[in-house]
Every structure is written in structure tokens, then in C-alpha cells.
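Summary of the model geometry
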Amino acid sequence: LEYALGNLLAVDRNPPPAAALRGAGPRREALLRALARDNTQLLVSRLWELPAERAGGAGGPLVAQLPEPTFRLPREKPAPKPRPPTRWEQFARLKGIRRKKKTSLVWDEQAKERRRGPDPEEDQFARLRREKRERVARNELNRLRNLARAHRAGSAVPAAPLHPTGHQDRDELRRVARVARVSTASLGRFQPRLPKEPAEPPSRSGGKKRRFQPLLGNLAAERSRQLELLRDMGSKKPVLDITRAVNKQLRQEEAEAAAANKGKKQSKRGKRGRRQQRPGRSGKKSGARRPPQQQKPAGGGSGG
Amino acid sequence: IGENIQLLVDRPDGTYCFRLHRDRVYYLSEKLLKLAASVPRESLVAPGTCFGKFTKSQKFRLSVTALDFLAPYAKYKVWVKPGSEQSFLYGNHVLKSGLGRITESTAQYQGVVVYSMADVPLGFGVAAKSTQECRKVDPLAIVVFHQADVGEYVRNEDTLT
């Protein structure tokens, strides 16, 4: 019986008795079992002879110190086959290239020889400072370039009017309020709305993409909305009030003209310009003004 | 059909609605809509009845499968003589010689429903001339432009939804 106590192994190389090899069933079973029991008994008695100690203090179990394992276990899987050489390896073998490390020597112009490391004649501190300055400058340039690129791609609002002055108009204030709402950590998603602010989801594409109503949402509301729409379509009254639209357009044109005139030279030039402008100004929308003007000069012409 | 559309929306026997599926407009009941919502969009062929489709340039084109729903509510009707009924069903326009009757006060380019003399709806069309003009033109002038007819069920069997 050969013992490999490091592997808790006992090997019996003797062949079993001939009676155990022949075919009889229960008798063979009994013989083999007796053989195994005897061998196991021998192994266990050898294990008990090993130096042992108590693990974990006085109350712990008795642990034997096994010697180093000597028995080599056979391979579980077959040995790896040598892999075929890669393309580079083939090429290298063909060319006779061997792996040789290059020395990190730098050519020095003055002394006409090679040296290791930085130049002893040069001021290293100055060189470090200069390189840092160059790096900082390059980073700053890149940052500004990125900023310009982002700004060019479309900015929501200029950064200036973030504090409310008294001279901002309604649209600007609304824009700034929107920017302020969006500039939280979660991009304004969980921001509570002010009492009179309408609830609307922020559209990233600026309202260009077509959004549909949900498929099954509230059929009763959809039905009433459709009936209202059909009613409006069927009624003879036009939705757009022409006179109001025309008046609004005229007011807007006058405001634009006044703003433009303020920029140029005023008084005489302005008066002359305005007097010349009025009969000449015939946009589409000011056509509504014509009929009342036509009647008066006709009356004045026939009277005068 | 004018303001009779609200009779299509406002039905006594359930809520019906229009839905857009792959640029075709379908008319379906709410019950059917809920069933259709459980089918994936790519494999859904047609929920309900197709009323028409939006063409490439987003113009709406009425389809003959809407005939059964729209014919009862039609305000402007055109009756076609038996002789040129078949010509209309083959896709040709209706000439003055084939015109039987026409509703009074039909405006020009008004959408009409075309009937046969036996009051069977044949399809949709557009009035090329108003009723007054129809009386004056010569017999070979077109009075109704063809838009859709029931012959399409046979002709365009595979493309009709």
C-alpha cells in the first residue's frame, strides 16, 4: 500500500484475489468490500499518526498537518496544441528580425554623442514653465473654439439678461424664465410650475417634429373635440377676423417705421421722409385703408 | 357630405373614431380600437375601414371603401344613365350624355356621390360643372370627374385595404 498523505491517497497495487475477480455476485461484493475496508483502515490509521493540533483554540476540532502533496494528478483536459505562428511571426522569421530593445539615448548636438535623459545645459525649470504655459494656452484656445462651435449651433438665449431689469419685454422674460427652469440638475423635469404657467413638456427640437395625441386617451374628450371642430368647419363665419388682422398689421408697420426713423437723422429729414412715405406705402394690408381715403379727395377735388 | 359628418362621429350605437395608420385614415369603433391597440404596429394591416389616404404631398384621397358609410349622408348626388354606368365603373369620367339627374345647387368642383338609376351608389366624383352649367354644355363635355368607384374592388383588389 503506497501512501500519498498530501493527497489523502492510498494506492494498493496488488491485484485482488482471484475469487474476487470471477463472476459470482454477492460473494464477490463481500470480498471487494472487505478489501476496501481494510485499506481504508490502514490509511486512516496513518493519518492519525500525523502531527495534529487544535484549530481555533482549545475548543476547536483536531486538525492534522498534511505533508506536501507528491502525487501528480493527471491532466483533466488534453495538452494545448502549438498554435500556428501569426502573420507577423512568419514575416519576422522570413526577414530574420529579432526582438531587440532600443536604447533610450538621445542625440546631443553640441557634444556630438548620445546621452540619457534631459539636457544638462538647459534650464529644466524654465523649460517646464514654458511648456506649461504653452499647454494652458492651447487648452484655452480649444475651449474657446468649442464654445464658439456650440454657440454657433444654436443658443437659446444670450447669457446677459439673467437678472430682471425693468426694460425687458414679455417674450424675453418668457424665454429667460424657460432657461432658468431648465437649468436645474434634472433639466427642469421635476420643477414645480408657477400658478399661471401653462404645463407643457419641453420639446428638444423646438416644436418642429409632429406630435400626435395618444391612441386611446379619453375617447369622450376626443369625440367632443371632433364635434366642435366639425361645427367650426361647418359654420359660415370665417375664423380669422379680417379687419382686426389688418389693423394689427398696420400698427406693426407703423411701429417699425417709427423705430427706423428714430435711428436716422430726425426733424426735417424725418418730416420730409414721412410725407413722401405715406402715399407711396401701399402694402397688401393697407389696401383696406384706401376706400375711405379715396372718397375724401374726390369730395375735396370737386369742391375746390 | 357637409355637416353630416358629425353623424359619423356622433353615433347612437357607440363611439367611433378616425385613426391614422401609416398615412391611411381608418374609421373604427372604440371596441375595435382597443383590440387593434394590442397588435404591434408593423404587423397591423388595417384597423377598421379605410376611408382614404394621404398621398406623398399630403393631399387626402378618398377611397371607395368609404362608400357604404358616406353614401347615406350624401348631400350632392349625381345619377348616371344605365348606358354609361359601366363606363364609369371602368374608371372613366361621366359625360353629359350619360348624366341622368343631378341635385340642385351643386357648386362646381363639389364632391358628389355617383348613383345608378336604381339608386345604387357607384362611387365618388367631383362635379366638373355646376348644375346650371350642366344644362348648357354640349353632350360630350365631362360633368363629373371620376374619383373612386366600386369597380376598384375588382381592379385594385390587392392594393385596396
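In the block above lies the structure referred to throughout.
Here is a short report on the structure shown in this document. What you see is a predicted model; the values in this text were computed from it and never measured.

Definitions and cut-offs
- Residues numbered from 1 in each chain as written.
- Chains lettered and ligands numbered in written order.
- Predicted model: local features only at pLDDT ≥ 70, side-chain atom pairs only at ≥ 80, totals over all residues.
- Heavy atoms only, no water.
- Helix = DSSP H or I, 4+ residues; strand = E, 2+ residues; numbered from the N terminus.
- Buried < 20%, exposed > 50% of the residue type's maximum accessible area, 1.4 Å probe, protein only.
- Contact = heavy atoms within 4.5 Å.
- Areas by Shrake-Rupley, 256 points an atom, 1.4 Å probe, with all protein chains shown as cover.
- Phe/Tyr/Trp six-rings, centres within 6.5 Å; stacked < 30°, edge-to-face > 60°.
- Lys NZ or Arg CZ within 6 Å of the ring centre and 35° of its normal.
- Buried area = accessible area lost by both parts, 1.4 Å probe.
- Salt bridge = Lys/Arg side-chain N within 4 Å of Asp/Glu carboxyl O.
- Polar contact = N/O pair within 3.5 Å; in protein donor to acceptor, adjacent residues only side chain to side chain.
- Nonpolar A, V, L, I, M, F, W, Y, C, P; charged D, E, K, R; others polar.
- Patch = residues over 30% accessible without salt bridge, like charges linked within 9 Å, V, L, I, M, F, W, Y side chains within 5 Å.

Remarks on the overall build of chain B
- The helix and strand inventory of chain B stands at 6 helices and 10 strands.
- The 161 residues of chain B split such that 37% are buried.
- Put simply, of all contacts in chain B between residues at least 6 apart along the chain, 54% involve residues at least 24 apart.
- Total accessible area computed for chain B in this model is approximately 9,000 Å², and 54% of it derives from carbon and sulfur atoms.

Describing the packing of aromatic side chains
All names here are of chain B.
- Taken as a whole and assessed by the stated rule, the structure comprises 8 aromatic pairs over all chains.
- Arranged with centres 6.0 Å apart and planes meeting at 25°, the rings of Trp-79 and Tyr-115 form a pair that is stacked. Placement of the pair is Trp-79 in strand β5 (residues 77–80) and Tyr-115 in strand β8 (residues 111–116), with a sequence separation of 36 residues. Neither Trp-79 nor Tyr-115 differs from the other in exposure class; each is buried.
- An aromatic cluster of at least three residues, connected via ring pairs, comprises Tyr-16, Phe-18, Tyr-27, Phe-51 and Phe-69.
- A cation over a ring is seen here: Arg-101 above Trp-79, with NZ or CZ 4.2 Å from the ring centre.

Quick notes on the interface of chain B and chain A
- Contacts between chain B and chain A engage 15 residues on the former and 9 residues on the latter.
- Across the interface of chain B and chain A, roughly 1,200 Å² is buried in total on both sides, 67% from carbon and sulfur atoms.
- By the criterion of area lost to chain A, the three top residues of chain B are B:Val9, B:Thr15 and B:Arg19, representing 36% of everything that side buries.
- Applying the counting criterion to the chain B and chain A interface returns 1 salt bridge.
- In this structure, the salt-bridge partner of B:Arg19 is A:Glu222, at a minimum N-O distance of 2.9 Å.
- Scanning the region where chain B abuts chain A turns up 1 residue pair in polar contact (both at pLDDT 80 or more).
- For the side of chain B that touches chain A, the secondary-structure elements that each account for two or more residues are α1 (5–9), β1 (16–21) and α2 (30–36) of chain B.
- The element best represented in the side of chain B that touches chain A is β1(B), accounting for 4 residues.
- Considering only residue class, the side of chain B that touches chain A consists of 7 nonpolar, 3 polar and 5 charged.

Regarding a nonpolar patch on the surface
- Together, A:Trp88, A:Phe91, A:Leu94 and A:Ile97 make up a nonpolar patch on the protein surface, roughly 460 Å² of accessible area in all.
- As for its position among the elements, A:Trp88 is in helix α3 (residues 87–95).

Remember, this is a structural readout, not a statement about activity or role.
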